[in-house]
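For reference, the chains in residue letters:
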Amino acid sequence: MSLLELKNIYKIYGDLHALDDVNLKVEKGEWLSIMGPSGSGKSTMMNIIGCMDKPTRGEVLLDGTDISKESAKNLTTIRRDKIGLIFQQFHLVNYLTAVENVMLAQYYHSVPDEKEAVEALDRVGLADRAKHLPSQLSGGEQQRVCVARALINYPEIILADEPTGNLDDANEKIVVDLFHKLHNEGTTLIVVTHDPEVAEVAQRTVYLRNGKLVKETVNENFTGEIKFDKD
Amino acid sequence: MFFRMISGTLFRQWKKMLMIAFTIALGASLATAMLSVMLDVGDKVNQELKTYGANITVVPKESSVLNSLYEVEDGGSSGAYLREDELGKIKTIFWAFNIIDYAPFVNAKATLDDGSEIIAVGTWFNHHMELPTGEQLDAGVASMRNWWSITSGKWLDEQSADSRTVAMAGSALAQRLGIQPGDTVHLTGTESDITVTVVGIFDAGGDEDGRLFMPLDTAQALDGLDGKIDSIEVSALTTPENELAVQAAKDPKSLTIAQYETWYCTAYASSICYQIQEVITDSVASPVRQVAESEGAILEKTELLMTLITILSLVGSALGICNLVTASVMERSAEMGLMKAIGAQNSSVSGLVLTEIVITAIIGGTVGFFAGWGFAQIIGHTVFGSSIEMRPVVIPIVAVLVLVVTLAGCIPAIRMLLRLHPAEVLHGK
Amino acid sequence: MKRRQMYFRMITASLIRRRSRMLVALLSIAIGAAILSGLVTIYYDVPRQMGAQFRNYGANMIITSEGGSLTDGDIEQSRSYIDSADIVGVTPYRYESVRIRELPVMAAGTDMSQALLTSPYWSVEGAMPAAEGGQLLLGASLSEQFRLGVGDEVTVSFTPEANGTASDEPVLDSTLDLTVAGVLKTGGPEEDYVYIAMSDLETLTGISGKADLAEMSVSASGDKLKAYADVISANVPAVSASLVKRVTESETTVLTKLQALVLLVTVVVLALTMICVATTMTAVVAERRREIGLRKAIGASNGGIIKEFMGEGMMLGAIGGLAGSLLGFVFAQQVSVNVFGSSISFMPVLVPITILVSVAVTGVSCLLPIRSATQVDPALVLKGE
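Rules and cut-offs
Residues numbered from 1 in each chain as written. Chains lettered and ligands numbered in written order. Predicted model: local features only at pLDDT ≥ 70, side-chain atom pairs only at ≥ 80, totals over all residues. Helix = DSSP H or I, 4+ residues; strand = E, 2+ residues; numbered from the N terminus. Buried ≥ 20, exposed ≤ 12 C-beta atoms within 10 Å, placed from the backbone. Contact = placed C-beta atoms within 7 Å. Nonpolar A, V, L, I, M, F, W, Y, C, P; charged D, E, K, R; others polar. Pairing = 2+ DSSP bridges. Core = buried A, V, L, I, M, F, W, Y, C linked by C-beta atoms within 7 Å. Axes fitted to C-alpha atoms, helices over the stretch in contact; angles between N-to-C directions. Parallel < 35°, antiparallel > 145°, perpendicular 65-115°, else oblique. Left-handed = near helix turned anticlockwise from the far one by under 90°. Expected span 1.5 Å × (residues − 1). Arc of directions from axis to C-beta. pLDDT = per-residue confidence, 0-100. Bend = angle between axes of the 7 residues up to and from the residue.

Engineer: Lay out the overall build of chain B in plain terms, naming residues and giving numbers.
Structural biologist: When helices and strands are counted, chain B shows 14 helices and 14 strands. Across the 429 residues of chain B, 47% fall into the buried class. A separation threshold of at least 6 residues defines the contact pool for chain B, and within that pool the share at least 24 residues apart is 78%.

Pasting the structure below:
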């Protein structure tokens, strides 16, 4: 059984079919990229997978249970327990320190544990910056705090929305390397991006266009390393 | 384009703008209400203090002195009188408008059938006057002795048909003679005799309880004092005394012309007295210190109290407005960053923000002004039972206050806008 | 770490690290709370303070004897029924007809040290006579009539009442030489009297220990004053206490109106200030929609978010309320000192009340915007719109 399965998903806003009969299976431990230009339905799909939105029609099976008809309240619980989110704009709470931002996720999930939170920061290489406020961190560092926050509750899936959109190449590499590390530890990764370099690192890439899955490529020589075009 | 942008903000972001306008309206209404009440509270409290009775007494110049003393001795009147026909002139002096009530008094000696002597006081009860100015006034003891409690019967009504043969008796007198309302009393004066019907018994808590009060004509006829009165009590709205007034009270001639004019044209008790002396022949008008001085103290304290409360509420509303304006401009940093990114100069961004806020402030301030005026009326009617007069000076004060406060509220926000780096804002930092 | 600890850590972090924004909100709450506590203090203090002003009108209670004359003992006993803090002054008066330059004049014997307390409106040109005697206070009319001024010597004579048993014997006038210490102006009948020390009048008449009446100035109004008068009339034998209606009735009327005015003003100011606090809190919350969206995205329930933001708002309310209640007391104190020249009593009960009210107001004013903010779609907010 797949970890996540989308069956005949439609998301319709008036006349606009943001998602049009999308079918997708994601296996446990898989690293998947979702690519597509602006307006292709990436965000809608990410919101549905991230339990922040519900499809107009179709089934979303997470761990074998259909979550497409759940109430907003239950979706929040599912999201909290099973999904770790990473955003393009980081979205850290600007008056909480790095470690407190990580603890915030623990707090909503179960019980905050500062030691564990610092360990999570250590895994992204930021243990020494735990007491810094977001404004004192660089963009890359902020994104790594986000990664630490996303993985702190051991989610089934880490869902990243343009995780490198605001980062330079060096930081992009650090973040992708982190993903590689998580992948090796068995975490399921879904990365939404329009950056081919980032997308191509994944084991499998699906292409969205006008709300339909139009293409799927499998990375035969998967290394988990990002390759920059040297142009 | 500038105006299109502004109207765009005002109409499309009307919810936010409405909140700002609402807060400004609240602040402005608070300011208006408090200022109006503050400026009018003096007059209002002064009116209330009139319940203490006359603050000026007028007596004949000669032997005003012995009057009271001989009254104690034999209950009669001394030789000098004021003229009844001059009474109307009191309402013609410079400060006529401030004279809210007055009543003449004449004391007649009368003998009852049992041989005992009493003092019959002739006065106005609710004397109706039509003044040359077209104003109408009901003057007399009915309003100037409102601390009298009528123990039985009712107030004497001068407008009633039998008004010449009725009287009111003090409680002590009524008790001594055993009279009830409706009973008649036969009085013999030095010139004539008359039978009056007692319509009411009052308790004044003083000497007046031993006297019989009747209309002026009736008492005058008893002792043949036609057209003559002993004294006048005047109730006037006055301004608390200051040094100038004290100096003038001693001798108006010691003032310079400028000082004299200031004094004459201010409603001090002493200047009103002076003006009354000018119109009533051979009279001495003097402030009743017990009333005049206490009024001054109470008025001054009340006005000061209201001023301080007003200042506090102005500060409160200023802070409220300031806060919200700052917060709401800050909120729009993304939009401002975008404008800067597409090439807007700092000045034009600030100009846009200021114009929007000022338009909102004008709308909010206008609404608030009228709301505040309403509040003031509510206060006036609830507390004093009369409406609060709107002083024109309130309008500019409130207008300046609202504009200054609103603009002050924009300063921190605009300083922040000027420091904005468009790129950072657009990247959602 | 306990969840509760994290909860407080978040709230305090928000309050401390977002210092400037929070200070603004705090300031507005504190000002609101200050207005509340200040005005309420003034409201409760107005009758007392204004009552003191009304004592300018002088005596509001007169004690007379029901038969014969009033003794010092009667006055002392009457006095004992009134709370000593409420007594402004008690002045005995005894009236006798005396003669100055063979003209009859009413003389009032009194306690010179008390007279100004019960008649503060007296304007004395010169000085009040010494309490021990030898001097007199001349009414302004008499001063004019006799052409006597401050410093002049005057002989006061008194004819004792004919003694019944020795009616044939000529009765000698007793005389006393006194100095005019001051001239009294009141604009009222007092100007026709001459005031001398009680001891001098006793020497002159040869009769001591009696008075016709005593004026009392009591700082109480309305029912309380009435109760005092009733107690005295009921408990002191042969004494009746009556109120000077002209003063008491009017005082009650005016004081009631003044208090009503302050109350109404307090209510209006308070209502408007509270709305101002509410709009400020609304703005403070609205600013943080994105953060609310983020918290929802990482798994916060609506209830959790409401709890956190309310906690923050109410903590602000508590701090602001505490600061405001102290500030309000300082304000009330300043008003009292400036306006009435006396200090105000601190009402400890106002502190918890003020804090409670500001917590309640900030709580309520946060609740609505937070509730609406929790309805936001996290996905939308996080996209940066």
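Engineer: Talk me through the overall build of chain C; I want residue IDs and the actual numbers.
Structural biologist: Counting its secondary structure elements, chain C contains 12 helices and 10 strands. Counting all 385 residues of chain C, 47% fall into the buried class. Within chain C, contacts between residues separated by at least 24 positions form 82% of all contacts whose residues are at least 6 apart in sequence.

Engineer: Before we move on, can you summarise the interface of chain C and chain B with the specific residues and values?
Structural biologist: Taken together, the 60 residues of chain C in the interface contact 59 residues of chain B. Breaking the side of chain C that touches chain B down by element, the ones donating at least two residues are helix H2 (19–54), strand E3 (103–110), helix H5 (140–146), strand E10 (239–243), helix H8 (245–286) and helix H10 (302–340) of chain C. Among the elements that make up the side of chain C that touches chain B, the one with the highest residue count is H8 of chain C (23 residues). Partitioned by chemical class, the residues of the side of chain C that touches chain B number 32 nonpolar, 20 polar and eight charged.

Engineer: Describe the sheet that holds strand E2 (residues 16–26) of chain A, with residues and values.
Structural biologist: Whether parallel or antiparallel, the strands of a sheet pair through hydrogen bonds between backbone atoms. All names here are of chain A. The strand order across the open sheet built from four strands is E2-E1-E4-E5, with neighbouring strands paired in antiparallel fashion. Two strands lie at the open edges of the sheet, namely E2 and strand E5 (65–66), each paired on one side alone. Sheet topology note: the strand E4 (residues 57–62)/E5 ladder contains two bridges and is antiparallel. Looking across to E5, one finds that Leu61 is bridged to Asp66.

Engineer: Can you explain the nonpolar core? Please cite residues and give values.
Structural biologist: Counting 301 residues, the largest nonpolar core has Val102 of chain A together with Ile56 and Ala120 of chain B as the members making the most contacts within it. When neighbours within four sequence positions are excluded, Val102 of chain A is seen to be in contact with Ala117, Ala120, Leu121, Val145, Ala148, Arg149 and Ile152 of chain A.

Engineer: Tell me what's going on with the packing of helix H1 (residues 3–17) of chain C against H10 of chain C, and back it up with residues and numbers.
Structural biologist: Residues and elements named next belong to chain C. Between H1 and H10, whose axes approach to 10 Å, the crossing angle comes to 55°. Our classification of the angle between H1 and H10 gives oblique. The element H1 and its partner H10 pack so that their crossing is right-handed. Two secondary-structure elements touch here, H1 through Tyr7, Met10, Ile11, Ser14 and Leu15 and H10 through Glu308, Gly311, Glu312, Met315 and Leu316. Its residues placed into classes, the contact of H1 with H10 shows six nonpolar, two polar and two charged.

Engineer: Run through the sheet that holds strand E8 (residues 188–193) of chain A, naming residues and quoting values.
Structural biologist: Residues and elements named next belong to chain A. Overall, mixed pairing links the six strands, which are arranged E6-E7-E8-E3-E9-E10 in an open sheet. Strand pairing shows two members of the sheet lacking a second neighbour, strand E6 (83–86) and strand E10 (212–218), which therefore form its edges. For this sheet, the mean inter-axis angle between neighbouring strands, taken without regard to orientation, is 20°. With five bridges joining them, strand E7 (residues 157–161) and E8 adopt parallel strand pairing. Bridge pairing in E8 links Ala160 to Val191. Where helix H5 (residues 139–151) meets the sheet, its contacts fall on E6 and E7, and the angle it forms with E6 comes to roughly 170°.

Engineer: Can you tell me about the pairing of strand E8 (residues 193–197) of chain C, naming the residues and giving the values?
Structural biologist: Residues and elements named next belong to chain C. E8 sits mainly inside the fold: five of its five residues count as buried. Across five bridges, E3 lies against E8 in parallel orientation. Considered in E8, the bridge of Ala107 is made with Val194.

Engineer: Kindly report on helix H6 (residues 169–184) of chain A, identifying the contributing residues and their values.
Structural biologist: Residue and element names in this part refer to chain A. Along its 16 residues, H6 runs 22 Å from first to last C-alpha, staying within 8% of the 22 Å computed at 1.5 Å per residue. Among all positions of H6, only Glu172, Val175, Val176, Leu178, Phe179, Leu182 and His183 are buried. Across the axial projection of H6, the buried residues extend over an arc of 150°, all falling on one side. Of the residues in H6, the exposed ones pointing more than 90 degrees away from the buried face are Ala170 and Asn184. Directly beyond the C-terminal end of H6, a positive phi value near 100° is found at Gly186.

Engineer: Describe the environment of Phe228 of chain A, and please don't skip the residues or the numbers.
Structural biologist: Residue and element names in this part refer to chain A. With respect to the secondary-structure elements, Phe228 resides in the segment after E10. Overall, the presence of 9 C-beta atoms within 10 Å leaves Phe228 in the exposed class. Separated by 55 residues in sequence, Phe228 and Lys173 have C-alpha atoms that sit 9.3 Å apart. When sequence neighbours within four positions are dropped, the list of residues in contact with Phe228 reads Asp169 and Glu197.

Engineer: Requested: an account of the confidence of the model for chain B, with residues and values cited.
Structural biologist: Residue and element names in this part refer to chain B. Residues of chain B with pLDDT of at least 70 account for 91%, and the chain-wide mean is 80. Per-residue pLDDT, averaged within each element of chain B, yields its smallest value for helix H3 (residues 64–74) (44) and its largest for strand E11 (residues 212–215) (91). pLDDT under 50 marks residues 64–77. Its contacts with residues more than four places away, or in other chains, come to 26 contacts.

Engineer: Account for H2 of chain C, naming residues and giving values.
Structural biologist: Spanning 36 residues, H2 of chain C covers 49 Å between terminal C-alpha atoms, matching the ideal 52 Å at 1.5 Å per step. If you look at H2 of chain C, its biggest bend is around 50°, right at Asp45 of chain C, and the proline Pro47 of chain C turns up within four residues after that.

Engineer: Describe in detail the confidence of the model for chain C, supporting the description with residues and values.
Structural biologist: Residue and element names in this part refer to chain C. Confidence in the prediction for chain C averages 82 pLDDT; 96% of positions are at 70 or higher. Looking across chain C, the model is least confident in helix H12 (residues 378–382), with a mean pLDDT of 71, and most confident in E8, with 90. In the model output, the complex is listed with pTM 0.69 alongside ipTM 0.80.

Engineer: For the environment of Gln259 of chain C, give the residues involved together with the corresponding values.
Structural biologist: Here Gln259 of chain C lies in helix H8. With 216 residues separating them in the primary sequence, Gln259 of chain C and Tyr43 of chain C have C-alpha atoms 6.6 Å apart.

Engineer: Talk me through the pairing of strand E5 (residues 135–139) of chain C; I want residue IDs and the actual numbers.
Structural biologist: On any regular strand, side chains alternate: one points to one face of the sheet, the next to the other face. Residue and element names in this part refer to chain C. The buried fraction of E5 is high, at five of five residues. Burial along E5 is two-sided: Gln135, Leu137 and Gly139 facing one way and Leu136 and Leu138 facing the other are all buried. One ladder, built from five bridges, connects E5 with strand E7 (residues 174–185); its direction is parallel. If you follow Leu136 over to E7, its bridge partner there is Val180. In terms of strand pairing, E5 meets E8 through three bridges, oriented antiparallel. Its bridge partner being in E8, Leu138 is matched across the sheet by Val194.

Engineer: Mind laying out unusual backbone geometry, listing which residues take part and the relevant values?
Structural biologist: Residues and elements named next belong to chain A. A positive phi angle, near 55°, is found at Asp21, a position not held by glycine. Tracing the backbone through its elements, the reader meets Asp21 in strand E2. Judged by local crowding, Asp21 falls into the partly exposed class, with 14 C-beta atoms found within 10 Å. Backbone geometry places Phe90, a non-glycine residue, at a positive phi of 65°.

Engineer: If you had to explain the packing of H2 of chain C against H8 of chain C to someone new, which residues and values would you point to?
Structural biologist: All names here are of chain C. Taken N-terminus to C-terminus, the directions of H2 and H8 make an angle of 175°; their axes are 10 Å apart at the nearest point. One way to sum up the angle between H2 and H8 is to call them roughly antiparallel. Here the residues of the contact of H2 with H8 are counted per class, giving 23 nonpolar, seven polar and two charged.

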